[in-house]
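Summary of the model geometry
Listed below are the residues making up each chain.
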Amino acid sequence: MIEKNYQPAEIENRIARAWEDAGAFKAGRPERRDAKPFTIVIPPPNVTGSLHMGHALNNTLQDILCRFERMRGRDVLWQPGTDHAGIATQMVVERQLMERQEPGRRDMGRAKFLERVWKWKAESGGVIVNQLKRLGASCDWSRERFTMDEGLSRAVAKVFVELYNQKLIYKDKRLVNWDPKLLTAISDLEVQQIEVKGSLWHLRYPIEGRKFEPENPSSYIVVATTRPETMLGDTAVAVNPKDERYEHLVGMNVVLPMVGRHIPIVADEYSDPEKGSGAVKITPAHDFNDFEVGKRHGLKSISVIDQEGRITLSSNEDYLLGLPEASLILAEELHGKDRFAARKLIVAKLEEAGFLEKIEPNTHMVPHGDRSGVVIEPYLTDQWYVDAKTLVQPAIEAVRSGKTSFVPKNWEKTYFEWMENIQPWCISRQLWWGHQIPAWYGPDGKVFVAETEDEAVGKALGFYVEQEVITSEQAEAMARDPKKRDGFITRDEDVLDTWFSSALWPFSTLGWPDSDVDVKRYYPTNVLVTGFDIIFFWVARMMMMGIHFMKEAPFPEIYIHALVRDEKGAKMSKSKGNVIDPLGIIDDYGADALRFTLAAMAAQGRDIKLSTQRVEGYRNFATKLWNASRFAEMNGCALPANFDPRSAKETLNRWIAHETARAAHEITEAIEAYRFNDAAGVVYRFVWNVYCDWYLELVKPVMMGPDSPAKKETQAMVAWARDEIVKLLHPFMPFITEELWAVTAKRGQLLALAQWPTYKNLDADDAENEIGWVVDLVTSIRSMRSEMNVPVATLFPLILVGASAEIKSRAGRWSDVLKRLARLGEISFADRAPDGSVQLLVRGEVAAIPLKGVIDLAAEKTRLDKELARANDDIKRVDAKLGNEKFVANAPEEVIDEQREKREEAEARKTKILEALDRLKSAA
């Protein structure tokens, strides 16, 4: 028996246990051994993570697909797991050590520290997995993987070694994003661009061979910079080759102020003649663009800032080479100073010597570490790189040829732009937690790359015996006793970028390279569902690695969903205080309401504006279904054994069968096309409007009447349609539907494993014509009543104009229903509409309602004219704002969207008012 009140909290835990106990989500179930597989890999959340609204959206959409395909009989594998999250996890454990006043990481040593991280992972890691289960994620949790599992670690080592042997991994000295607090290179995704109110310093660089005089512009060239401290490492000044102001200076040198280094003036397109003075200082060791300019012109790279963000000069041979005595004294003064303290000192000295022309306020974006919060330093250092340009070519071709496609398609343009301009991928990180790079160094620095230490030792000993550095006897002794090779061969201390192991996720989670059984069955996957922000960092790299090692792209389709924003369209952030916690929403409204809200708003290419009011609305939708099911139960509606809806004879029952089949077809098509919002919209309208508001309302006279064949058939059809509804709604709202299925169907089978509705021969156009006419007529009359301010208590007659025999017959059959639902007096027929009546066109038939004497037509016209003027004023006000270029350029995106929505709402109001005015004209 269905409980009186719908209480999500009481249902969800119990239903989740039932799924788990039954192994409902396991891939490879015996009865599906020969079924066609359907595979999705979860974007692995950080092991340190907690469920946020982006996770909720991403996993809701994946779950809809998995539940849908599971019900269609597929062997579904939704592969779950978590990412080891190098920096994030290491920081969590280091913070824990500090809070407990225990020895720090470096005092503890690498081995002991890693033990503590694994201990933390066992005790506290993976909280997000249980949170995903609360959301209803139907992953095969028995296959949960972790990017540092033994099997996945073997895959990482194998890939690294093979790519190294193919010369696709190498070591190089290049600029990286360096975090001076965490002391590691970080990826672009871990860099947060923050708007800062800073300054633009205009500096005078004396031209070689000319006497420097601040009042004489021909004696110097002006460069503008936001980072005067990096001038110490300048090795050129660049001007645009088309800039006539500097044509005569190209090829000459300037003398670096205070330093004395002579550096060339080079012509390069990078310099923008419209920006600043049109001349820019080039510091290849401390700026990514300058690094590329330096490569083009063969410039030296001089590092003047160290790993901790301090000036490093007094022992810097590259800097000191050939400098005059005065510059060496300056080097001593600046050496060891923090970069920002050095900036102030350098600016003061430049000003004192006349080299500072002016300072302008300058608001600009400055890169910060998203975890450390400090300003990121472009830093020249030795790191390991992947030759992404070579690996990316087949990945580009896979999308260009259509073997892999993006949904929405416009993301392909972004993908190509990123891929065609790809740079070498820096894969080394100066951390301890992660996959340690499988490279070992001999006493002379020679690198030996191997999957295991034993293999590396074997290679190294063989090499040094051949080189006669050691004897074969020494080699044999070292091979036997690891202690005897201490210090002879040492492992690279760095670990791999987290994205390196994530790039292997679609096949490493299937047992590769140890086994290919699951790889053969479940690779490639069917679709990837992810956010646009990691197309380059994760999607592209999975494409590269999947094609290179599996010889096939990891997925034929990539569905890119949008962002979840707050109700005003602003991006959620802790600093704004507008973060909506999905777990809090689940506590308050239930997981089903949150899931349905996200699905209903997930229009392709459009961000979601989430409000708790919308979630509450969909919780009410769940309550509506619950109460409808209780109504059916209380009225004896149960499904007889072997019931066939095609046997229904009553027009109303044939109509609901027809509408059910139509809804199922539309929902199926929408899910297949990743139009989740359309699918949710169809099922919502079908449940709320068609089934609850119309069908159950229209069957009440039969249900309340005496027993009869019609009543028996109707009871069966009410139960049948309810069961079909819970099937169609299950991918979106799994908990309430599983509960209703268990209570009402009593078939001993989980709804999660039931068959998705497919129908034959349920079309009933004649029934749809009849019931659809009743529904549309009542709806039109109710709308007219609302628009024209006719009180609900007022009954008025209905005249059907020029009605055919069929319409007259229908009106007779449904007369009582029409009078009750549309609040009508008499229903009559006429050849023409009487004077003073409003005319409604319903499915090609004219219905007239005499309103003269019922309402004051003149007063109503005056009211509507005022409403129309208000709507026009609202439209003009918005148009003025959106037509203001300054407003559009400066207003936040969410404000622009809000204005557009206001205009749409005003236009919709205007349309309704004009329709009401037209009706009034016909009544005049």
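Now for a quick tour of the structure.

Calculation criteria
Residues numbered from 1 in each chain as written. Predicted model: local features only at pLDDT ≥ 70, side-chain atom pairs only at ≥ 80, totals over all residues. Heavy atoms only, no water. Helix = DSSP H or I, 4+ residues; strand = E, 2+ residues; numbered from the N terminus. Contact = heavy atoms within 4.5 Å. Areas by Shrake-Rupley, 256 points an atom, 1.4 Å probe, with all protein chains shown as cover. Lys, Arg positive; Asp, Glu negative; His and termini not counted. Charge placed at Lys NZ, Arg CZ, Asp CG, Glu CD. Pairing = 2+ DSSP bridges. Axes fitted to C-alpha atoms, helices over the stretch in contact; angles between N-to-C directions. 1 Å grid on protein atoms, 1.4 Å probe; cavity = no way out; pocket = protein on both sides within 12 Å on 5 of 7 lines; lining within 4 Å. Points joined across faces, edges and corners; volume = space filled by probe spheres on them. Nonpolar A, V, L, I, M, F, W, Y, C, P; charged D, E, K, R; others polar. Phe/Tyr/Trp six-rings, centres within 6.5 Å; stacked < 30°, edge-to-face > 60°. Buried < 20%, exposed > 50% of the residue type's maximum accessible area, 1.4 Å probe, protein only. Lys NZ or Arg CZ within 6 Å of the ring centre and 35° of its normal. Expected span 1.5 Å × (residues − 1). Salt bridge = Lys/Arg side-chain N within 4 Å of Asp/Glu carboxyl O.

**Quick word on the overall build of the chain**
- Within the chain one finds 32 helices and 29 strands.
- The dimensions of the chain, computed from C-alpha atoms along their principal axes, are 110 × 75 × 55 Å.
- Sequence-distant contacts, at least 24 apart, represent 77% of the contacts inside the chain between residues at least 6 apart.
- Looking at the chain as shown, the accessible area adds up to about 41700 Å², and 49% of this sits on carbon and sulfur atoms.
- Between the mean site of the 123 positive side-chain charges and the mean site of the 138 negative ones, the chain shows a separation of 4 Å.

**Some details on the sheet that holds strand 23 (residues 557–561)**
- Taken in spatial order, the three strands of this open sheet run 15-23-22, and their pairing is parallel. A single partner strand is all that each edge strand has here, and the edge strands are strand 15 (405–407) and strand 22 (528–531). Each neighbouring strand pair of the sheet contributes to a mean axis angle of 30°, computed without reference to strand direction.
- Both strand 22 and strand 23 contribute to a ladder of four bridges, which runs parallel.

**As for empty space enclosed by the protein**
- Applying the stated criterion to the full structure yields five cavities of 30 Å³ or more.
- Looking at the largest cavity, its volume works out to about 60 Å³.
- Of all the elements in the fold, those that place two or more residues in the lining of the largest cavity are helix 3 (86–99) and strand 21 (495–496).
- Residues of the lining of the largest cavity, tallied by class, amount to five nonpolar, three polar and three charged.

**Some thoughts on the environment of Pro438**
- Among the secondary structure elements, Pro438 is positioned in the loop between strand 17 (428–429) and strand 18 (439–441).
- C-alpha separation for the pair Pro438 and Glu493, spaced 55 residues apart in sequence, amounts to 9.5 Å.
- Those residues in contact with Pro438 that sit more than four places away from it in its chain are Ala157, Phe160, Phe448, Val449, Ala450 and Arg491.

**Here's the deal with the pairing of strand 28 (residues 837–842)**
- As judged from the six bridges shared by strand 28 and strand 29 (residues 845–850), these two strands associate in the antiparallel manner. Note on strand 29: the bridge partner recorded for Val842 is Glu845.
- Linking two consecutive strands that pair antiparallel, namely strand 28 and strand 29, is a turn of two residues; a positive phi of about 50° is found at Arg843 within it.

**Observations concerning the packing of aromatic side chains**
- Evaluated as defined, the whole model comprises 42 aromatic pairs.
- Seen from their ring centres, Phe507 and Tyr523 are 6.3 Å apart, and the 85° between their planes marks the pair as edge-to-face. Of the two residues, Phe507 sits in helix 17 (residues 505–508) while Tyr523 sits in the loop between helix 18 (517–522) and strand 22, which places them 16 residues apart along the sequence. By the burial criterion, Phe507 is buried, and Tyr523 matches it.
- Clustering of aromatic rings is evident, with ring pairs tying together Phe596, Tyr618, Phe621, Tyr684, Trp688 and Phe732.
- Here the basic side chain of Lys121 rests over the ring of Phe146, its NZ or CZ set 4.3 Å away from the ring centre.
- Positioned above the aromatic ring of Phe463 is the side chain of Lys446, whose terminal nitrogen or guanidinium carbon lies 4.8 Å from the ring centre.

**Observations regarding helix 3**
- A rise of 1.5 Å per residue sets the reference length of helix 3, with its 14 residues, at 20 Å; its end C-alpha atoms lie 20 Å apart and thus fit the reference within 8%.
- Those residues of helix 3 not exposed but buried are Gly86, Ile87, Ala88, Thr89, Gln90, Met91, Val93, Gln96 and Leu97.
- Elements in contact with the buried residues of helix 3: helix 4 (105–108), helix 5 (110–124), strand 6 (184–186) and helix 16 (498–502).
- Note on helix 3: the residue one or two positions beyond its end, Gln101, has a positive phi of about 55°.

**Section: the side chain of Ser277**
- Relative to the elements of secondary structure, Ser277 occurs in the loop between strand 11 (262–267) and strand 12 (279–282).
- Those residues in contact with Ser277, other than ones at most four positions away along the chain, are Val222, Val223, Ala224, Arg245 and Tyr246.

**Overview of the pattern of salt bridges**
- Applying the stated rule across the entire model yields 62 salt bridges.
- Here Arg565 ties to Asp607 by a salt bridge, and the two come within 2.7 Å at their closest N and O atoms. Of this pair, Arg565 sits in strand 24 (residues 564–565) while Asp607 sits in the loop between helix 21 (591–600) and strand 25 (608–609), and the two are 42 residues apart along the sequence.
- You can call Arg565 buried: its relative accessible area is 11%.
- Assessed through its relative accessible area of 25%, Asp607 is described here as partly exposed.

Just distances and angles here, no functional claims.
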